[in-house]
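Spelled out from the first residue to the last, the chains are:
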Amino acid sequence: MSAALVGYSSSEEEQEQEEEGGSRGGGAQGPPGASAGRPRLPAPAGLPGDSNPEEAVSDDSSRHGGRVRGFPHERGNWATHVYLPYIAQEEFLELLELLVSRARTYVPSLAAMEEFHLSLSQCVVLRYHWIEPFVRSLRERLAAFHRIWHLTRQVLAFQDQARAVPSPKPWIVLLLTWASGTGFFCVADQVKVYTNQNKTRTFIGLEVSAGHFQLLELVSEVDGVLEEFDLPTFYKDPSFHISLAWCVGDLSGRLEGQCLRELQDIVDGFEESAFLLRIQWEQIRCKSGNKYFSFPLR
C-alpha cells in the first residue's frame, strides 16, 4: 500500500515546492508570536517581492511538466521548506539508474529526481518580511537543540561506561554514533510509493528504517518555529524518505505490488547497499523562494 502523502517538497524549483507541499500549506501568515497572543503588527509596504494586488499572475501547468500547484501563486508569498539536503555519490546515482529503468517498464513517464533531500516540514507560505524572523527563530531553536543533545550525549556516554545500559537500544547506539562526529546517521533502504496530498503526482522513495528518533526530534524543533508563525506543522506520523523519481498523476497502483517488490530486490542486491544507504546528515537547510539558509549539525 502506498503512503497517502508525500511529506516534502522538491528543491528543484519553487513551483514544485508549492505543489508537493499540498493545500495545507496555503493561507495567510501571522507575525512571530501570533500564536502566543501578541498583537499583530501591520505589514510594511513596498517590500521586495510585493506587487500590485491587481496584477495577474500566469500559472500554466504545461510549462512545468504538467505539475499543478497545491496552492495559488501570489507575488509576495514565498514558498518555504525545511529539509536535510543529500549530496548523491556516484554509487547512489548508479542505483538510481537501475531503479528508474526497472520502474519505467511499469510507468514509462517516470522521471528521476535531480536533487535529493529528506523533509522536516511541509511546504508553507511566508510573506517576504517574515523570512528573516522565521530564519532567526529557526536558528535559535536549533542552537538550543544542539545544547540539549550535547548534554544527552554526555549522559548516555556516562551510562554506557558505567554499564548502566548492558544492551543499548538501537536509537541509543545511533545517538552515540552521532556523538562521535558531526551530524548523525540514518538508514534509508526501504522502497516505498507515495502520492502528494491532492494526488496529482506519484513518487518512488527510499524510506528511513533507522534513525527515526533523531528525525522526530528535529521535526519537533522545526514545528515549534512553524507554530510561532501560525503555519501548518509537519505530518503527525511522517514517513521520512528520500524521493528518487516522480510522474504526473496518481499511478501508485501501477508501481505497487510486483514493481515495488522488484525495486526492493534491486536495492537489497546492490553491492555495498548497506554502507551506501547509511546516510550522514551534516546540515539542515531552509529554502524560501530563491533564498537558501544553512544550519550545520554539530
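In what follows, the accompanying structure is described. (Residues numbered from 1 in each chain as written. Predicted model: local features only at pLDDT ≥ 70, side-chain atom pairs only at ≥ 80, totals over all residues. Heavy atoms only, no water.)

### Some thoughts on the overall build of the protein
Okay, so step 1: Helix and strand counts for the protein stand at eight helices and 10 strands.
Okay, so step 2: Taking all 298 residues of the protein together, the buried fraction comes to 49%.
Okay, so step 3: Sequence-distant contacts in the protein: of pairs separated by 6 or more residues, those separated by 24 or more amount to 81%.
Okay, so step 4: Of the roughly 14500 Å² of accessible surface on the protein, 51% is carried by carbon and sulfur atoms. (Helix = DSSP H or I, 4+ residues; strand = E, 2+ residues; numbered from the N terminus. Buried < 20%, exposed > 50% of the residue type's maximum accessible area, 1.4 Å probe, protein only. Contact = heavy atoms within 4.5 Å. Areas by Shrake-Rupley, 256 points an atom, 1.4 Å probe, with all protein chains shown as cover.)

### Quick word on the layout of surface pockets
Okay, so step 1: By volume, the largest pocket amounts to about 460 Å³.
Okay, so step 2: Every element with two or more residues in the lining of the largest pocket is listed here: strand 1 (77-86), helix 8 (273-276), strand 8 (278-281) and strand 9 (283-288).
Okay, so step 3: With four residues, strand 8 is the single largest residue contributor to the lining of the largest pocket. (1 Å grid on protein atoms, 1.4 Å probe; cavity = no way out; pocket = protein on both sides within 12 Å on 5 of 7 lines; lining within 4 Å. Points joined across faces, edges and corners; volume = space filled by probe spheres on them.)

### Details of the sheet that holds strand 6 (residues 201-210)
Okay, so step 1: Read across the open sheet, the five strands follow the order 2-7-6-5-8; overall the sheet is antiparallel. Of all the strands in the sheet, the pair left with one neighbour each is strand 2 (111-112) and strand 8.
Okay, so step 2: Where strand 6 lies against strand 7 (residues 241-248), seven bridges are found, and the strand directions are antiparallel. For I204, the partnering residue across the bridge sits in strand 7 and is A245.
Okay, so step 3: Along the sheet, helix 2 (residues 90-103) contacts strand 2, strand 6 and strand 7; its crossing angle with strand 7, the most-contacted strand, is approximately 35°.
Okay, so step 4: Of the strands in this sheet, strand 5 (184-195) and strand 6 are in contact with helix 5 (residues 212-228), which crosses strand 5 at around 85°. (Pairing = 2+ DSSP bridges. Axes fitted to C-alpha atoms, helices over the stretch in contact; angles between N-to-C directions.)

### Topic: a negative patch on the surface
Okay, so step 1: Negative charge collects at one region of the surface, where E90, E91, E94, E97, E271 and E272 lie side by side.
Okay, so step 2: If you trace the backbone, E97 turns up in helix 2. (Patch = residues over 30% accessible without salt bridge, like charges linked within 9 Å, V, L, I, M, F, W, Y side chains within 5 Å. Salt bridge = Lys/Arg side-chain N within 4 Å of Asp/Glu carboxyl O. Lys, Arg positive; Asp, Glu negative; His and termini not counted. Charge placed at Lys NZ, Arg CZ, Asp CG, Glu CD.)

### With respect to the packing of aromatic side chains
Okay, so step 1: In the structure shown here, the tally under the stated rule is seven aromatic pairs.
Okay, so step 2: Taking the centre distance of 5.2 Å and the plane angle of 55° together, the rings of W78 and Y128 count as tilted. Remark: Y128 occurs in the loop between strand 4 (124-127) and helix 3 (131-161) and W78 occurs in strand 1; sequence separation between them is 50 residues.
Okay, so step 3: Seen in terms of ring centroids, Y86 and W281 are 6.3 Å apart; in terms of plane orientation they differ by 70°. Their pairing is edge-to-face. Residue Y86 is located in strand 1, and its partner W281 is located in strand 8; the two are separated by 195 residues in the primary sequence. With respect to burial, Y86 and W281 carry one shared label: buried.
Okay, so step 4: Here the aromatic cluster, defined as three or more aromatic residues joined through ring pairs, consists of Y86, F92, F116 and W281. (Phe/Tyr/Trp six-rings, centres within 6.5 Å; stacked < 30°, edge-to-face > 60°.)

### A closer look at the pattern of salt bridges
Okay, so step 1: According to the stated counting rule, one finds five salt bridges in the structure shown.
Okay, so step 2: The closest approach of N and O atoms between R136 and E132, which form a salt bridge, is 3.9 Å. Residue R136 and its partner E132 are both found in helix 3; the two are separated by four residues, about one turn of the helix.
Okay, so step 3: With relative accessibility at 58%, the residue E132 sits in the exposed group.
Okay, so step 4: Close ionic contact of R141 with E228 constitutes a salt bridge, the shortest N to O distance being 3.7 Å.

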